[in-house]
Amino acid sequence: MDRAITISGVDKTYVGRQGQAVPALSGMNLHIGAGEFVSLLGPSGCGKSTLLKIIAGLTRPSAGAIRIGADSVSGPSDFASLVFQKATLLRWRTILDNVLLHADIHGGRNPENIALARSLLDLVGLGAFTNAYPDELSGGMQQRAAIVRALMSRPELLLMDEPFGALDEFTREALNDMVLRLWEEERKTVIFVTHSVAEAVFLSDRIVIMGARPGRIITVMDVDLPRPRPENIRTAPEFYQLVAKVREVMGGTH
Amino acid sequence: MLSPKPELMQPAVHSAADKATAAVTKDDAMERGHPRWLAVVLAIVLPIVVIAVWQFVYDAKVVSPLVIPRPLDVVTALWSGLVDGVWWRHIAATIQATVLAFAVGFLAAIVVGSCFAFSALARETLYPYIIAIQSFPKVAVAPLLVVWLGYGLAPKVAIGGLLAFFPIFTSTLAGLLEVDRDEVDLFKSVRARWYHQLRYLRIPNALSYIFPALNVAAVNALLGVIVGELVGTDAGLGYLISQKSFLGDTAGVFGVLTLLALIGVSMFVLIRLAERATKFSR
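Keep in mind that what you see is a predicted model, and the values were worked out from it rather than measured.

### As for the overall build of chain B
Then step 1. A tally of regular secondary structure across chain B gives 12 helices and zero strands.
Then step 2. For chain B, the proportion of its 282 residues judged to be buried stands at 32%.
Then step 3. For chain B, the proportion of contacts with a sequence separation of at least 24, taken over those separated by at least 6, is 75%.

Structural data, given as structure tokens:
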């Protein structure tokens, strides 16, 4: 069954403080194939996060619809998992307990999901930190735990809302590499919100460039870099050319 | 299905940036460091100096012994009060009333705090009055409470409970309401029901607010009880203080004050231990 994501005619309008209509998204149309890695790139206020929340089923669009395969999105489901800019780990739970939140809410812990949690934590290099508390971990380590937590419900779609926006450049690149390896391994559909051009180019199959006020799609660019992408592609001339090209298009959005 | 492939992520894991920020250091404190022994030595020397100065002031006879007693007399008063057994009745009365006041204030604060947290109507209607009561000097109603509730345990528990109520009430309310927007979205995105959100998010969050407030509440309970005992009862350390000062037994007053300090410190230690035993102080 095709689990492609179709965004058709999505508008989102908020009601402002004085009761006026504040358009956040206008006339969004986008088709994202199953297993595709798509980045939403744009300045703050362009509605990237709003779109992500609508796809996640957390917010309803004012008009239009999101379909996954043939089904309309009407609320949150196990199909999609969210990763936020802040790791949002619960500070009174250990890393393992945080990762098992989904299990605690749905049907409880069993040897199978505990084993999955441990193996995923091993995979992202947190195997030695299962009993640590979030405040004992660096920002990058916390974010890795948050990614593991998102994977625990075995989602087919990963929605990542500027997950590395608060991290320093080196940690960000290390986590970009990690996400890319995970994705090459699993081929989940990923929608990745960012305002880093380099990050978007490095990770994505396609980059959706958005403009602000109201949030809208300016253009969609294909990233024709080879897969699997080695880490040193960041220094390749074609990488720079793509970054420059994206910047050029974005120049008109500010 | 994801399978473990530990070798996959190893380079990313041990990045220098991670290690540098993983450990929380104490070096970023604003002041310059001092050797640990200095603090210990000073902490021991300080009371010795205070008692020496005290003894000196007494010997110099600059103030009447009615104002400041001899340090040794305080020890004697404390000793005889405890060994003769006259004070134990009062100690028991104060501790009993304090524990009851704390329990009453705690339960009421949790119940009312939760009602406020879950009902915007209750919050908006009653909050101005809660603020009014909170800003009111509550010990001022102590004599009235004695008139209403009689001579004995009830007025002490009422004042102590009232004073213990507010810190726990405000932290319950804040802890249940002040959860992060992203945290709420996280729970919604995994289709958590309201009771999941309560159990896994709001109650633990509230506990992390409530524990630090318990110390203040316990001290407040003791304060309220002592005020109640000063105003009108025939038992308790507050009663003992008013008796002793009426008789001009300043050494006895100092002795009782020492006991109160000990009770206060014991409460602090007990609550700290309880806080340590749970993980919600994080």
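### A short note on the sheet that holds strand 9 (residues 206–211) of chain A
Residue and element names in this part refer to chain A.
Then step 1. Strands sit in the order 6-7-8-3-9-10 across an open sheet of six strands; the sheet is mixed. Looking at which strands have only one partner, the edges of the open sheet turn out to be strand 6 (80–83) and strand 10 (216–222). Averaged over neighbouring strand pairs, the angle between their axes works out to 20 degrees when direction is ignored.
Then step 2. Relative to strand 10, strand 9 runs antiparallel, the two sharing six bridges.

### Some remarks on the packing of helix 11 (residues 237–246) of chain B against helix 12 (residues 250–277) of chain B
Residues and elements named next belong to chain B.
Then step 1. Close contact between helix 11 and helix 12 brings their axes to 8 Å; oriented N to C, the two are set at 160 degrees. It follows that helix 11 is roughly antiparallel to helix 12 by the angle criterion. Judged by the sense of rotation from one axis to the other, the crossing of helix 11 with helix 12 is left-handed. Packed against helix 11, whose contacting residues are Leu237, Leu240, Ile241, Lys244 and Ser245, the element helix 12 presents Gly252, Val253, Val256, Leu259 and Leu260 at the interface.
Then step 2. Class assignment of the residues belonging to the contact of helix 11 with helix 12 gives a composition of seven nonpolar, two polar and one charged.

### Here's the deal with the pairing of strand 3 (residues 37–41) of chain A
Residues and elements named next belong to chain A.
Then step 1. Extensive coverage of strand 3 is indicated by the burial of five of its five residues.
Then step 2. Neither face of strand 3 is exposed, since Phe37, Ser39 and Leu41 on one face and Val38 and Leu40 on the opposite face are all buried.
Then step 3. Looking at chain direction, strand 3 and strand 9 are connected through four bridges and run parallel. From the neighbouring strand, Val38 faces strand 9, where its bridge partner is Arg206.

### Some thoughts on unusual backbone geometry
Keep in mind that most residues, glycine aside, have a negative phi and that most peptide bonds are trans.
Then step 1. Of note, the amide linkage connecting Arg213 of chain A to Pro214 of chain A takes the cis form, showing an omega dihedral of -10 degrees.
Then step 2. Following the sequence through the fold, Pro214 of chain A ends up in the loop between strand 9 and strand 10.
Then step 3. Cis geometry marks the peptide bond from Arg227 of chain A to Pro228 of chain A; its omega dihedral reads -10 degrees.
Then step 4. Mapped onto the elements, Pro228 of chain A comes out in the loop between strand 10 and helix 8 (237–251).
Then step 5. A positive phi angle, close to 45 degrees, is found at Glu162 of chain A, a residue other than glycine.
Then step 6. Of note, Glu162 of chain A is situated in the loop between strand 7 (157–161) and helix 6 (169–186).
Then step 7. Judged by local crowding, Glu162 of chain A falls into the buried class, with 21 C-beta atoms found within 10 Å.
Then step 8. At Arg191 of chain B, a position not held by glycine, the phi torsion is positive, near 55 degrees.
Then step 9. By the secondary structure assignment, Arg191 of chain B is in the loop between helix 9 (181–189) and helix 10 (194–232).

### Describing the pairing of strand 8 (residues 189–194) of chain A
Residues and elements named next belong to chain A.
Then step 1. In terms of burial, strand 8 is largely enclosed, as six of its six residues are buried.
Then step 2. Going residue by residue along strand 8, you find Thr189, Ile191 and Val193 tucked away on one face and Val190, Phe192 and Thr194 tucked away on the opposite face as well.
Then step 3. Examined bridge by bridge, strand 3 and strand 8 share five bridges and lie parallel to one another. Bridged to Leu41 within strand 8 is Thr194.
Then step 4. Examined bridge by bridge, strand 7 and strand 8 share five bridges and lie parallel to one another. If you follow Asp161 over to strand 8, its bridge partner there is Val193.
Then step 5. With helix 6 bridging strand 7 and its parallel neighbour strand 8, the resulting β-α-β unit is right-handed.

### With respect to the environment of Val73 of chain A
All names here are of chain A.
Then step 1. Tracing the backbone shows Val73 in the loop between strand 5 (71–72) and strand 6.
Then step 2. Spatially, the C-alpha atoms of Val73 and Leu158 are 15 Å apart, while their sequence positions differ by 85 residues.
Then step 3. If we ignore the near neighbours within four places in the chain, the residues touching Val73 are Ile55, Gly57, Ile66 and Ile68.

### Quick word on the confidence of the model for chain B
Then step 1. For chain B, the average pLDDT comes to 85, and 87% of its residues sit at 70 or higher.
Then step 2. Two summary scores accompany this predicted model of the complex, namely pTM at 0.79 and ipTM at 0.89.

### Observations regarding the packing of helix 4 (residues 71–83) of chain B against helix 12 of chain B
All names here are of chain B.
Then step 1. For the pair helix 4 and helix 12, the least separation of the axes is 8 Å and the interaxial angle reads 70 degrees. Judged on the interaxial angle alone, helix 12 and helix 4 are roughly perpendicular. In terms of crossing hand, the pair formed by helix 4 and helix 12 is right-handed. Contacts from Asp73, Val74, Ala77, Leu78 and Gly81 in helix 4 reach Ala251, Gly252, Phe254, Gly255 and Thr258 in helix 12.
Then step 2. Classifying every residue of the contact of helix 4 with helix 12 gives five nonpolar, four polar and one charged.

The rules behind these values
- Every chain's residues receive numbers from 1 upward, in the order its sequence appears when written.
- Key to labels: chains lettered from A, ligands numbered from 1, both in the order written.
- Residues qualify for local features only when their pLDDT is at least 70, as the model is predicted, and side-chain atom pairs are given and counted only at 80 or more; totals for whole chains, interfaces and linings, by contrast, use all residues.
- A run of DSSP states H or I qualifies as a helix once it reaches four residues; a run of E qualifies as a strand once it reaches two. Both are numbered from the N-terminal end.
- Residues are called buried when their C-beta atom has 20 or more other C-beta atoms within 10 Å, exposed when it has 12 or fewer, and partly exposed otherwise; all C-beta atoms are positioned from the backbone.
- For the purpose of contact definition, each residue receives a C-beta atom placed from its backbone, and two residues are in contact when these atoms lie within 7 Å.
- A pair of strands is considered paired only if DSSP assigns at least 2 bridges between the two.
- Every axis in this analysis is a line fitted to C-alpha atoms, fitted for helices over the stretch in contact. Angles between the N-to-C directions lie between 0 and 180 degrees.
- Reported orientations rely on four angle classes, namely roughly parallel under 35 degrees, roughly antiparallel over 145, roughly perpendicular from 65 to 115, and oblique for the rest.
- A crossing counts as left-handed when the near helix is turned anticlockwise from the far one by less than a right angle, and as right-handed when that turn is clockwise.
- For this classification, Asp, Glu, Lys and Arg are treated as charged, while Ala, Val, Leu, Ile, Met, Phe, Trp, Tyr, Cys and Pro are nonpolar and the rest, including Gly, are polar.
- A crossover gets the label right-handed when its path from the first strand over the helix to the second runs clockwise, viewed with the strands pointing away from the viewer.
- Across the chain, each position has a pLDDT score giving the predictor's confidence in that residue, from 0 to 100.

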